[in-house]
Amino acid sequence: MSRRRLSPERYRAICVVALALLAVIVVSGGLVRLTGSGLGCDDWPNCNDTKIIDVSSAHAAVEQINRLFTGLVALGVALAVAGSVRLEPRRRDLTWLSWGLVAGVVGQVVLGGITVLVDLHPVAVQGHFLLSMVLIANAMVLVYRAGLPNARRVPRVSLPIRRHVWAVAVMTSIAIAI
């Protein structure tokens, strides 16, 4: 039985879905923060001492929806990895970028748990947010590269412009972190 191969167009569509799911969970995380629902579930991975899932209060419901949506994000990321393996022709850069999404989502689960366990300490919350931004950037690069032909990449802009863009990206990252 031969494995089914995936076209570049279909793989890019999978990557767009993964990016969209990551963006939605960032927004839902923002809603958790804005509604003060971050400790609607005061334990991790369970919602509280007695229940895995508890939607008895509005804050718990908001937090639970955000946590449960992580399952959809994980599915989207898993499909991006599986698709990179079945892509025809196979591209190593896309496989590495898709595995970067897996590492980021696993990191988010762990950091999210730590954030709850330290009662939303600002450093943990900021780390959770910054990792989200790295995940979004990774997914955007994956979507972009998935749309490129398999041919060798040729820079479209000059070296000074590329350096300027990197400098702006670094300075923007510093500003966001601060």
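First, a word on scope: everything that follows refers to the structure included in this document. (Residues numbered from 1 in each chain as written. Predicted model: local features only at pLDDT ≥ 70, side-chain atom pairs only at ≥ 80, totals over all residues. Heavy atoms only, no water.)

1. As for unusual backbone geometry
Put simply, the test is: Only DSSP runs of H or I with at least four residues qualify as helices, and only runs of E with at least two residues qualify as strands; both kinds are numbered from the N terminus onward. Accessibility here uses a 1.4 Å probe with only protein chains present; expressed as a share of the type maximum, an area under 20% marks a residue as buried, one over 50% as exposed, and anything in between as partly exposed.
The omega torsion across E88 and P89 is 0°, close enough to zero to call that bond cis. Mapped onto the secondary structure, P89 falls in the loop between α2 (58-86) and α3 (92-117). Positive phi, close to 55°, is recorded for D119, a residue that is not glycine. Among the secondary structure elements, D119 is positioned in the loop between α3 and α4 (122-146). Classification of D119 by relative accessible area gives exposed; the value is 56%. If you check the backbone angles, L120 has positive phi at about 60° while not being a glycine. Residue position: L120 is located in the loop between α3 and α4. Residue class for L120 comes out partly exposed when judged on its relative accessible area of 22%.

2. Focus: the environment of I65
Along the polypeptide, I65 turns up in helix α2. Spatially, the C-alpha atom of I65 lies 9.7 Å from that of I53, the residues being twelve residues apart in sequence.

3. A look at a nonpolar patch on the surface
We apply this condition: Exposure above 30% relative accessible area and the absence of a salt bridge qualify a residue for a patch, where like charges join within 9 Å and nonpolar side chains (Val, Leu, Ile, Met, Phe, Trp, Tyr) within 5 Å. The accessible surface values rely on the Shrake-Rupley method and a 1.4 Å probe; as for residues, cover is taken only from the protein chains in view. Within this document, salt bridges are pairs made up of a side-chain nitrogen of Lys or Arg and a carboxyl oxygen of Asp or Glu, the two lying within 4 Å of each other.
A cluster of nonpolar residues, V106, V110, I114, L117 and V118, forms a patch on the protein surface that exposes about 410 Å² of accessible area. Note that V118 resides in the loop between α3 and α4.

4. Points about the environment of Q126
Put simply, the test is: We call two residues in contact when some of their heavy atoms are within 4.5 Å.
Mapped onto the elements, Q126 comes out in helix α4. The class of Q126 is partly exposed, set by a relative accessible area of 26%. Sequence separation of Q126 and G147 is 21 residues, and the distance between their C-alpha atoms is 32 Å. Setting aside residues no more than four positions away along its own chain, Q126 makes contact with I176 and A177.

5. Details of the side chain of N48
Threshold: Polar contacts here mean pairs of N or O atoms no more than 3.5 Å apart (in protein, one a potential hydrogen donor and the other a potential acceptor; neighbouring residues in sequence count only if both atoms are side-chain atoms).
Examined against the element boundaries, N48 turns out to sit in the loop between α1 (8-34) and α2. The exposure class of N48 is buried, given its relative accessible area of 16%. From its side chain, N48 meets the backbone nitrogen of T50 in a polar contact 2.9 Å long. Not counting residues up to four positions away in its chain, the partners in contact with N48 are D42, D43 and D54.

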